[in-house]
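Coordinate inspection notes
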Amino acid sequence: MLAAGSLSVVKEYGADGTAGMLTRRPRVAAAVFTLSLSVFCSGASAQCGQTTDRAPRGGTFDGQPAPLALGDSVLDDASGELAGLGFHVNAMVCRTMTQGIAWLQSRSGQLPHLVVLALGTNGYMTQGDIDQVLSILGPNRVLAMVTPHHGDLPYVPGVIRAAARQDRGRIILLDWDRLSAGQYGWFAPDGIHLGGQVGIDAYARLVASTLAFAPQPCPPFGAKRGGAMRDGTRAP
């Protein structure tokens, strides 16, 4: 667990895909949640708090900010592919939902129309947490949520599915947990992180299925945009 005042390592990538210098930023320890999260660090050298930030390298969104994909080390495995498709990707090893909420809150005035949240591998998630994210985004943005596969707590994918049903039209469900079930070749030996290009491509395709929602729509006066939920198919 990181102590108060500890440092996090941030590796930043420009729009051309080249890595910038590693920067060290002071971090304040989050909360009193003490599960052993280090088990989910991707690769032997990864440390909790290590962050990858990739600028989008592709896609055009009518001059609007690029869609955001915010997540943990599983998202980091596909960060290069997603940046190439036009996402701004910010992935932190061992990131919890609480830390993700804090990141969004600190940038609430700068968020794009589409935000993809790929969290829940590390620690708990509640309906209240998701409600807080929706409150940060406001009524005019779209939230897509990726269900984690084999995370700390097996109930978390169900929380995300229930929230998507409850907030139909505001949440797009990206059910990675179900889509990847039985696809052992998609994963690293831990069964959590992505292993090899086949798994990375499958994950990136699922996240990229939300890109139609990236531009801010301009509906006719008085009209409201209809909602959708996705796990690769439209939910009942």
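Two cysteines form a disulfide when their sulfur atoms are joined by a covalent bond. One pass over the structure, following the stated rule, counts one disulfide. For cysteine 48, the disulfide goes to cysteine 94, at an S-S distance of 2.1 Å. Residues cysteine 48 and cysteine 94 are joined by a disulfide whose S-S torsion is about -60°; by sign, that bridge is left-handed. Residue cysteine 48 is found in the loop between strand 2 (19–26) and strand 3 (51–54), and its partner cysteine 94 is found in the loop between strand 5 (88–92) and helix 3 (97–106); the two are separated by 46 residues along the sequence.

One pass over the full model with this rule turns up three aromatic pairs. Relative to tryptophan 186, the ring of tryptophan 176 lies with its centre 5.5 Å away and its plane at 15°, an arrangement referred to as stacked. Of this pair, tryptophan 176 sits in helix 6 (residues 176–179) while tryptophan 186 sits in the loop between helix 6 and helix 7 (196–208), and the two are ten residues apart along the sequence. With respect to burial, tryptophan 176 and tryptophan 186 carry one shared label: buried. Ring geometry for tryptophan 176 and tyrosine 203: centres 5.1 Å apart, planes at 80°, overall edge-to-face. In this pair, tryptophan 176 is assigned in helix 6 and tyrosine 203 in helix 7, connecting sequence segments 27 residues apart. For the residue pair tryptophan 176 and tyrosine 203, the accessibility class agrees, reading buried in each case. One aromatic cluster is present, built from ring pairs that chain together Trp176, Trp186, Phe187 and Tyr203.

Val116, Trp176 and Tyr203 are the most contacted members of the largest nonpolar core, which has 31 residues in total. Among the elements of the structure, helix 1 (73–77), strand 5, strand 6 (114–118), strand 7 (142–146), strand 8 (171–174) and helix 7 are those that each provide at least two residues to this core. Membership of the second largest hydrophobic core comes to 25 residues, among which are Met97, Val133, Leu143 and Ile160.

Conventions we followed
- Residues numbered from 1 in each chain as written.
- Predicted model: local features only at pLDDT ≥ 70, side-chain atom pairs only at ≥ 80, totals over all residues.
- Heavy atoms only, no water.
- Disulfide = S-S within 2.5 Å.
- Helix = DSSP H or I, 4+ residues; strand = E, 2+ residues; numbered from the N terminus.
- Phe/Tyr/Trp six-rings, centres within 6.5 Å; stacked < 30°, edge-to-face > 60°.
- Buried < 20%, exposed > 50% of the residue type's maximum accessible area, 1.4 Å probe, protein only.
- Core = buried A, V, L, I, M, F, W, Y, C linked by side-chain atoms within 4.5 Å.

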